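Residue-level structural notes
Residue-level listing of the chains:
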Amino acid sequence: METSSQTTIEEPDPAAEPGDGAERNAFSGRSIFLAVSGAVLAIVLLFALLADGESTDSTDPLVANDQFDSLIFLNSDGTEGVLSDYAGEPLVVNFFASWCGPCRAELPEFERVSNANEGSVRFLGISHDLDEVTWRSFVEETSVTYDTVFQPDQELFIALDAKGMPTTAFISPEGEVLQVWTGILSEEKLQELINENLVEA
């Protein structure tokens, strides 16, 4: 018994122009390139914004002493603390983490400004590192001597409606959040904001 097989060969579509497939591939490649380029540009613009800094001035100031006392952090000596522990003193609160490049860049600047304002303005660093060991080793690495605390769940950061890392808040002796600055701060700019919010006010 004989069997037969038949192979069907599709004829090319006469309406298709030679090179259509290559052109479609090229168009698809250009689309992907433009999409990726757009995403990269958006990221670059975001980092540029953070580098320049963005300020939020409180027209209806939050009262940190009243509203934030349930937001507990871990002090360096192992005790628990809250923001109102610093009531009665002008306070600079800086949110930082070891994984944040701009934080690493600005911490030496904060240390110098803290030393320059010793006795008149208090500084508090709040770490968002993933674990306590990383927080402590990073503080040691950067030689920061002002108070730092550990709050990995970012409760205060969220309560202040902060937008990115690093963020710095300026709080009056009465506990009013006067200004929240998102982005890296130089020594000169940090001192300027202290003068505007905590010294000249």
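These lines cover the structure that appears in this document, whether it is placed above or below.

Rules used throughout
- Residues numbered from 1 in each chain as written.
- Predicted model: local features only at pLDDT ≥ 70, side-chain atom pairs only at ≥ 80, totals over all residues.
- Heavy atoms only, no water.
- Disulfide = S-S within 2.5 Å.
- Salt bridge = Lys/Arg side-chain N within 4 Å of Asp/Glu carboxyl O.
- Helix = DSSP H or I, 4+ residues; strand = E, 2+ residues; numbered from the N terminus.
- Buried < 20%, exposed > 50% of the residue type's maximum accessible area, 1.4 Å probe, protein only.
- Pairing = 2+ DSSP bridges.
- Phe/Tyr/Trp six-rings, centres within 6.5 Å; stacked < 30°, edge-to-face > 60°.
- Contact = heavy atoms within 4.5 Å.
- Arc of directions from axis to C-beta.
- Polar contact = N/O pair within 3.5 Å; in protein donor to acceptor, adjacent residues only side chain to side chain.

Right, let's talk about the state of the cysteines for a bit. Applying the stated criterion across every chain yields a total of 1 disulfide. Across the disulfide, Cys100 is cross-linked to Cys103 (sulfur-sulfur distance 2.3 Å). Classification of the bridge connecting Cys100 and Cys103 rests on its S-S torsion, roughly 80°, and on that basis the disulfide is right-handed.

It is worth spelling out the pattern of salt bridges at this point. Within the structure shown, the criterion is met by 8 salt bridges. Where Arg112 meets Glu187, a salt bridge forms, and the shortest distance between an N and an O atom there is 2.9 Å. In this pair, Arg112 is assigned in helix 3 (residues 101-116) and Glu187 in helix 6 (residues 187-199), connecting sequence segments 75 residues apart. Connected through salt bridges with shared partners, the residues Glu89, Arg122 and Asp147 form a single ionic network.

What follows concerns the pairing of strand 8 (residues 177-182). Burial of strand 8 is extensive: 5 of the 6 residues sit out of reach of the surface. When strand 7 (residues 167-171) meets strand 8, the two strands line up antiparallel, connected through 5 bridges. Across the sheet, the residue bridging to Thr168 is Trp181, located in strand 8. The hairpin formed by strand 7 and strand 8 contains 5 residues between the paired strands, and Gly175 there has a positive phi angle of roughly 90°.

Taken as a whole and judged by the stated rule, the model has 5 aromatic pairs. Measuring from ring centre to ring centre gives 5.4 Å for Phe95 and Phe157, while their planes differ by 80°; the resulting arrangement is edge-to-face. One end of the pair, Phe95, is in strand 4 (residues 91-96); the other, Phe157, is in helix 5 (residues 155-159), and 62 residues separate them in sequence. Note on Phe157: relative accessible area 9%, which makes it buried. With centroids separated by 5.5 Å and ring planes inclined at 5°, the aromatic side chains of Trp135 and Phe150 adopt a geometry described as stacked. Placement of Trp135 in helix 4 (residues 132-142) and of Phe150 in strand 6 (residues 147-150) is noted, with a sequence separation of 15 residues between them. Residues Trp135 and Phe150 agree in their burial class; the two are buried. Three or more aromatic residues joined by ring pairs make a cluster, and in this case those are Phe110, Phe123 and Tyr146.

With that settled, the discussion passes to the side chain of His128. As for its position among the elements, His128 is in the loop between strand 5 (122-127) and helix 4. Beyond its immediate chain neighbours, meaning those up to four positions away, His128 contacts Phe95, Phe96, Ala97, Trp99, Gln151, Pro152, Gln154, Phe157 and Met165.

Turning to helix 4, a few remarks are in order. The set of residues buried in helix 4 consists of Trp135, Phe138, Val139 and Thr142. Down the axis of helix 4, the sector holding all buried residues measures 100°, keeping them to one side. Turned more than 90 degrees from where helix 4 packs its buried face, Val133, Glu140 and Glu141 sit exposed. Check the buried side of helix 4 and you find it contacts strand 2 (73-74), strand 4, helix 3, strand 5 and strand 6. Of the residues that open helix 4, the one with a side-chain oxygen 3.2 Å from the backbone nitrogen of Val133 is Asp131. Downstream of helix 4 by a residue or two, Ser143 has a phi angle that is positive, lying close to 60°.

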